[in-house]
Amino acid sequence: DAKTTQPTSMDCAEGRAANLPCNHSTISGNEYVYWYRQIHSQGPQYIIHGLKNNETNEMASLIITEDRKSSTLILPHATLRDTAVYYCIVRVVDGATNKLIFGTGTLLAVQP
Amino acid sequence: DTGVSQDPRHKITKRGQNVTFRCDPISEHNRLYWYRQTLGQGPEFLTYFQNEAQLEKSRLLSDRFSAERPKGSFSTLEIQRTEQGDSAMYLCASSSRQGIETQYFGPGTRLLVL
């Protein structure tokens, strides 16, 4: 699976949009981009995933660049409860390789 | 859908003791994964099951570790002769073989070896 690079930490004001970048310059054509987050002392929570197109769900939006070498997770109106470590992961979905390879993620601190 | 559950949530043991953790996946999810997470690090893959078959094991899974999923439903992870280095959060996740196989995680079991 391709390696991802994320900033170690970011701050965001409550109510503002949080934009979390991820670099995955060696991504292959069949690798998906996944985002998970982990609130302190809890298990990782799935947020969103995408292959080529931008995606949106009730939690967030995922913007993937046209060359797929980077992506941005957007939390449109961050709240204090969004304070967490956010992990960007790329993986093949082919039925054979199933494990998720986590990096150290980005610690997002939402400030009141 | 009650989510992935794990038991116990916390375990304190003395070095040399054996411990066993249980994971109940989301019903009808046929794939189950174990991960380990130490402080300040992301989760690391340990092993994965498809139904009752253990299909992949990480090099992190030493011979003191054994995982089972006897009926293809719940799974257990046993650590024999625990060491202080085994102190970590043990996470379980499950997924369906359908579609893009999103893994859903349980709350984890936090192990402290004294």
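Higher on the page you've got the structure.
## Notes on the packing of aromatic side chains
Taken as a whole and judged by the stated rule, the model has 14 aromatic pairs over all chains. Ring geometry for A:F102 and B:F105: centres 6.0 Å apart, planes at 75 degrees, overall edge-to-face. Of this pair, A:F102 sits in the loop between β8 (84-92) and β9 (106-111) while B:F105 sits in strand β10 (residues 104-105), placing the two residues on different chains. With respect to class, A:F102 is no different from B:F105; both count as buried.

## A short note on the pattern of salt bridges
The full count for this structure, using the stated rule, is 5 salt bridges over all chains. Note that A:R37 is salt-bridged to A:D82, the shortest N-O span being 2.8 Å. Pair noted here: A:R37 is in strand β3 (residues 31-38) and A:D82 is in the loop between β7 (70-75) and β8, with a separation of 45 residues, a long-range link. Taking the relative accessible area as the measure of exposure, A:D82 reaches 13% and is therefore buried. With its nearest N and O atoms 2.9 Å apart, the salt bridge here joins B:D86 to B:R64. Taken together, the residues span a long stretch of sequence, with B:D86 in the loop between β8 (75-79) and β9 (88-95) and B:R64 in the loop between β6 (53-57) and β7 (65-68) at a distance of 22 residues. Comparing B:D86 with B:R64 shows no difference in burial state: the two are buried. Overlapping salt bridges bring together B:R64, B:E83 and B:D86 as one network.

Rules of the game
- Residue numbers run consecutively from 1 along every chain, following the written order of its sequence.
- The naming scheme follows written order: chains are lettered A onward, ligands numbered 1 onward.
- Since the coordinates come from a predicted model, pLDDT governs what is reported: local features require at least 70, and pairs of side-chain atoms require 80 or more to be given and counted, while whole-chain, interface and lining totals use all residues.
- Computation of side-chain values: all heavy atoms of the structure, hydrogens and water removed.
- Two aromatic rings from Phe, Tyr or Trp, using only the six-membered ring of Trp, form a pair when their centres are within 6.5 Å; if the ring planes differ by under 30 degrees the pair is stacked, by over 60 it is edge-to-face, and anything between is tilted.
- Going along the chain from the N terminus, every DSSP run of H or I of four or more residues is numbered as a helix, and every run of E of two or more is numbered as a strand.
- Here the term buried applies to any residue with accessible area under 20% of the maximum for its type, exposed to any over 50%, and partly exposed to those in between, with areas from a 1.4 Å probe on protein chains only.
- In what follows, salt bridge is the name for a side-chain nitrogen of Lys or Arg lying within 4 Å of a carboxyl oxygen of Asp or Glu.

So, to be careful, I would describe these as geometric facts and stop short of saying anything about function.
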